[in-house]
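Architecture at a glance
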Amino acid sequence: MGKILVTGGAGYIGSHCVLALLENGYEVVIFDNLSTGHIETVEKLKKYGHVDFVKGDLQNLSDIKSLFNLYKTDAVIHFAAFSQVGESVKNPQKYYMNNVCGTLNLLSAMLEAGVKKIVFSSTAATYGEPEYIPIDEKHPQNPINPYGQTKLMIEKIMDDYDKAYGLKSVRLRYFNVAGADSQGRVGEWHEPETHLIPNILKSTFSGGQTFKMFGTDYDTKDGTCVRDYINVEDLAQAHLLALDYLNKGGETNYFNLGTNDGNTVKEVFSACEKVTGQNIPVDICPRREGDPASLVADNTKAKSVLGWKAQNSLEYSIEKAYVWEKTLQKELINA
Ligand code: UFG
């Protein structure tokens, strides 16, 4: 099937994608600086197929160039990035240097090595404050934070690199990714954790902080923000379909990955109480800066062009996230 370079393969979404690649007969080279990803994740992934690991930083052109000299790869799936919206507002330099300059280095090394296919993790944050819901790919892209700006810049760079150098890209614009591997092998492991579902689940463990609900006065059905939660294994499948699409000669393209449906923070919270069987204490807090009221994807294009389907429900994602969270708590205690 070929060898795929996965940058950021030691991270949350990257590691699920590596498993999906291995299960479909690909060999994988993971390139990761382990700044937010984990070596323990790489070690686990190695049990499930042919995985090479190169520790390196995309900001060092020589790191990524030497990888292409060592391994002959057919395509790249590019996850490596910083992804915290709030941090990007406080420290934009960190984001522009790592996400934009890092990607420019990656693309240079690809061109030098003659690798001309890339699947890129973009984000709903490139759309900014929604003008209409559900958001389709024709929605204007006006990001409201540096994180979203970096991802949009990269999308534009990829367009220019296609026109000038024939580098084909598929940009996948994720909405809110949730869940964990169905077999419990990998899952979400951010330090610090900022995301909704893991934060609710973490609060159920001894020593966990009380869950903070940010904002109950939005103009939504119950006053809390609406998000489109897409299962991480469904998301991983979309990357395989995007690779197939490029392998079959598909043109540069971009797709929303979401479910076409939204849930409020309160609904997610109730679903977590149901899955864990616990009454979870909650602190009602003011709004978190920069949170739009609603973000819901129109995923029609990914369905019709890639043949992709979001199959797993929010409850399923929470169940899998809970299993993983219990494993992680045990592993951290024993570490
Ligand atoms: N929330 C809480 N308490 C928490 C964490 C989150 O109430 O402890 C609320 C947030 O205020 C928001 C919702 O839960 O209303 C979802 O928040 P997340 O942090 O889980 O996700 P975001 O929608 O902020 O961000 C996600 C990705 C970003 C990406 C963005 C694109 O994490 O990388 O979607 O829409 F940019």
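Here is what the cut-offs are and how they apply
Residues numbered from 1 in each chain as written. Predicted model: local features only at pLDDT ≥ 70, side-chain atom pairs only at ≥ 80, totals over all residues. Heavy atoms only, no water. Domains from an automatic or database assignment. Contact = heavy atoms within 4.5 Å. Buried area = accessible area lost by both parts, 1.4 Å probe. Salt bridge = Lys/Arg side-chain N within 4 Å of Asp/Glu carboxyl O. Polar contact = N/O pair within 3.5 Å; in protein donor to acceptor, adjacent residues only side chain to side chain. Helix = DSSP H or I, 4+ residues; strand = E, 2+ residues; numbered from the N terminus. Nonpolar A, V, L, I, M, F, W, Y, C, P; charged D, E, K, R; others polar. Phe/Tyr/Trp six-rings, centres within 6.5 Å; stacked < 30°, edge-to-face > 60°. Buried < 20%, exposed > 50% of the residue type's maximum accessible area, 1.4 Å probe, protein only. Lys NZ or Arg CZ within 6 Å of the ring centre and 35° of its normal. Axes fitted to C-alpha atoms, helices over the stretch in contact; angles between N-to-C directions. Parallel < 35°, antiparallel > 145°, perpendicular 65-115°, else oblique. Left-handed = near helix turned anticlockwise from the far one by under 90°. Expected span 1.5 Å × (residues − 1).

**Some remarks on the domain arrangement of the chain**
Looking at the chain, the domain boundaries give domain 1 (3–179 + 229–257) and domain 2 (196–227 + 260–296 + 312–334). Here the C-alpha centre of domain 2 lies 26 Å away from the C-alpha centre of domain 1. Taken together, the contacts link 16 residues of domain 1 with 18 residues of domain 2. Note on domain 1 versus domain 2: buried area summed over both sides is about 1,400 Å², and carbon and sulfur give 58% of it. It is Lys44, Tyr229 and Asn231 that lose the most area in domain 1 upon contact with domain 2, and together they represent 39% of the buried surface on that side. Remark: the boundary between domain 1 and domain 2 carries one salt bridge. Among the salt bridges present, the one from Glu331 reaches Lys44, with a minimum N-O distance of 3.1 Å. If you look at where domain 1 meets domain 2, you find five residue pairs in polar contact (both at pLDDT 80 or more). At the level of elements, strand S7 (176–178), strand S10 (229–231) and helix H8 (232–247) are the ones that each hand at least two residues to the side of domain 1 that touches domain 2. For the side of domain 1 that touches domain 2, the class distribution of residues is eight nonpolar, four polar and four charged.

**Side note on the packing of aromatic side chains**
Taken as a whole and assessed by the stated rule, the structure comprises five aromatic pairs. Measuring from ring centre to ring centre gives 6.2 Å for Tyr245 and Phe255, while their planes differ by 90°; the resulting arrangement is edge-to-face. One end of the pair, Tyr245, is in helix H8; the other, Phe255, is in strand S11 (residues 253–257), with ten residues separating them in the sequence. The exposure class assigned to Phe255 is buried, which follows from its relative accessible area of 0%. Across from the ring centre of Phe82, 4.4 Å away, lies the NZ or CZ of Lys94, which sits over that ring. Seen from the ring of Tyr218, Arg287 lies directly overhead, with NZ or CZ sitting 4.0 Å from the centre.

**Observations concerning the pattern of salt bridges**
The tally for this structure, following the rule as stated, stands at 18 salt bridges. With a closest N to O distance of 3.0 Å, Lys65 and Glu112 form a salt bridge. Placement of the pair is Lys65 in helix H3 (residues 61–70) and Glu112 in helix H5 (residues 92–113), with a sequence separation of 47 residues. According to the relative accessible area criterion, Lys65 is partly exposed, its value standing at 28%.

**Quick word on the packing of H5 against helix H6 (residues 146–165)**
Orientation of H5 relative to H6, taken along the N-to-C sense of each, is 20°, at an axis distance of 9 Å. As summarised for this structure, H5 and H6 are arranged roughly parallel, according to the angle between their axes. Of the two elements, H5 crosses H6, and the hand of that crossing is right-handed. Contacts from Pro92, Tyr95, Tyr96, Asn99, Val100, Thr103, Leu104, Leu107 and Leu111 in H5 reach Pro146, Tyr147, Gln149, Thr150, Met153, Ile154, Ile157, Met158, Tyr161 and Tyr165 in H6. Considering only residue class, the contact of H5 with H6 consists of 15 nonpolar, four polar and no charged.

**Side note on the packing of helix H1 (residues 12–23) against H8**
Running from N to C, H1 and H8 cross one another at 60°; their axes reach a closest spacing of 9 Å. The angle between the axes of H1 and H8 places the two elements in the oblique class. Relative to H8, H1 is oriented so that their crossing is right-handed. The residues of H8 that touch H1, namely those facing Tyr12, Ile13, His16, Cys17, Ala20 and Leu21, are Val232, Leu235, Ala236, Gln237, His239, Leu240 and Leu243. Of the residues that constitute the contact of H1 with H8, the class distribution is ten nonpolar, three polar and no charged.

**What to know about H5**
If you check H5, its first and last C-alpha atoms are 31 Å apart, about what 22 residues at 1.5 Å a residue would give, namely 32 Å. Those residues of H5 that sit buried are Tyr95, Asn98, Asn99, Val100, Gly102, Thr103, Asn105, Leu106, Leu107, Ala109 and Met110. In the stretch just after H5, Gly114 is the one whose phi turns positive, near 75°.

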